[in-house]
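Structural overview
Below are the chains, spelled out letter by letter.
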Amino acid sequence: MNSKVTLVLRILLGLILIIFGANKFYPFMPAPTEMSEGAMNFMGALGKSGYMFPLIGGVEVIVGLLLLLKKWVPFALILLAPVAVNMVLFHLVLEPGSTAPALVVLVINAILIYANWDKFKTLFN
């Protein structure tokens, strides 16, 4: 795969993750004004449990930094995979109108995993 394309995708994904992960710690973007009741309940439970902010936000920031610094990129991509899948599932099930950004993260993650596939081959032998 073209190294310039993967470079741009890696940097773009890293920036997305750092911005949205940091927003979980220090909200600087406006919260969605309209969410379904199920989505509000789910997000409220994650927030009150302490799961959303230190864990999910922390993983997003750490993975974003690893991608930007080009450190342990395969590890970062694997660490991000379940988070990206859960983003998409949350939006598909609870907020279907806003699935596109989560799909972008999942697709970029999949493309970068494919671009680094030689580092993952031994996991599947």
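Keep in mind it's a predicted model, so treat the numbers as computed, not measured.

1. Concerning the layout of surface pockets
When its volume is computed, the largest pocket comes out at roughly 1,400 Å³. Contributing to the lining of the largest pocket are 38 residues, with Lys-24, Met-43, Met-52, Phe-90 and His-91 lying nearest its centre. Put simply, the parts of the chain that give the lining of the largest pocket at least two residues each are helix H1 (3-25), helix H2 (37-49), helix H3 (51-69), helix H4 (73-94) and helix H5 (100-115). For the lining of the largest pocket, the element with the most residues is H4, which contributes 9 residues. Grouping the amino acids of the lining of the largest pocket by side-chain chemistry returns 29 nonpolar, 5 polar and 4 charged. Of the volumes computed, that of the second largest pocket is approximately 280 Å³. Lining of the second largest pocket is provided by 13 residues; of these, Thr-6, Arg-10, Lys-70, Ala-115 and Asn-116 occupy positions nearest its centre. When residues of the lining of the second largest pocket are traced back to their parent elements, those giving at least two are H1, H4 and H5. By residue number, the principal contributor to the lining of the second largest pocket is H1, which donates 4 residues. For the lining of the second largest pocket, the class distribution of residues is 7 nonpolar, 3 polar and 3 charged.

2. Description of the UniProt feature "transmembrane region" (unreviewed entry) in the protein chain
In the numbering adopted here, UniProt assigns the feature "transmembrane region" (unreviewed entry) to residues 7-29, 49-68, 75-94 and 100-117. The distance from the first to the last C-alpha atom of residues 7-29 is 27 Å, and the span holds 83% helix and 0% strand.

3. A few points about the packing of H3 against H4
Viewed as axis vectors pointing N to C, H3 and H4 meet at an angle of 140 degrees, and their least axial separation amounts to 9 Å. In this view, H3 runs oblique relative to H4, as classed from their interaxial angle. The two elements H3 and H4 meet at a crossing, and its hand is left-handed. Residues Val-59, Glu-60, Val-63, Leu-66 and Leu-67 of H3 lie in contact with H4, whose contacting residues are Val-73, Phe-75, Ala-76, Leu-77, Leu-79, Leu-80, Val-83 and Met-87. For the contact of H3 with H4, a count of residues per class yields 12 nonpolar, no polar and 1 charged.

Rules used throughout
Along each chain, residue indices are assigned from 1 in the same order as the chain's sequence is written. With pLDDT at 70 or above as the cut-off, local features in this predicted model cover only qualifying residues; side-chain atom pairs require 80 or more to be listed or tallied, and sums for whole chains, interfaces and linings still use all residues. Derived side-chain values reflect all non-hydrogen atoms in the structure, with water molecules and hydrogen atoms excluded from consideration. Residues are said to line a cavity or pocket when one of their atoms sits within 4 Å of a point; the points come from a 1 Å grid over protein atoms alone, cavities being sets where a 1.4 Å probe fits but cannot get out and pockets being open sets with protein on both sides within 12 Å along at least five of seven lines. Grid points are joined across faces, edges and corners, and a volume is the space filled by probe spheres set on the points. Here a strand is any run of E in DSSP of at least two residues, a helix any run of H or I of at least four, and the numbering for each starts at the N terminus. Each residue gets one of three labels, nonpolar for Ala, Val, Leu, Ile, Met, Phe, Trp, Tyr, Cys and Pro, charged for Asp, Glu, Lys and Arg, and polar for the others, Gly among them. UniProt positions are given in the numbering used here, feature names are shortened, and annotations may be inferred rather than shown by experiment. To get an axis, fit a line to the C-alpha atoms, keeping to the stretch in contact for a helix; angles then go from 0 to 180 degrees between the N-to-C directions. What sets the label is the angle itself: under 35 degrees gives roughly parallel, over 145 gives roughly antiparallel, 65 to 115 gives roughly perpendicular, and the rest give oblique. It is the rotation of the near helix from the far one that decides the hand of a crossing: anticlockwise by less than a right angle makes it left-handed, clockwise makes it right-handed. Should any heavy atoms of two residues lie within 4.5 Å, those residues are considered in contact.

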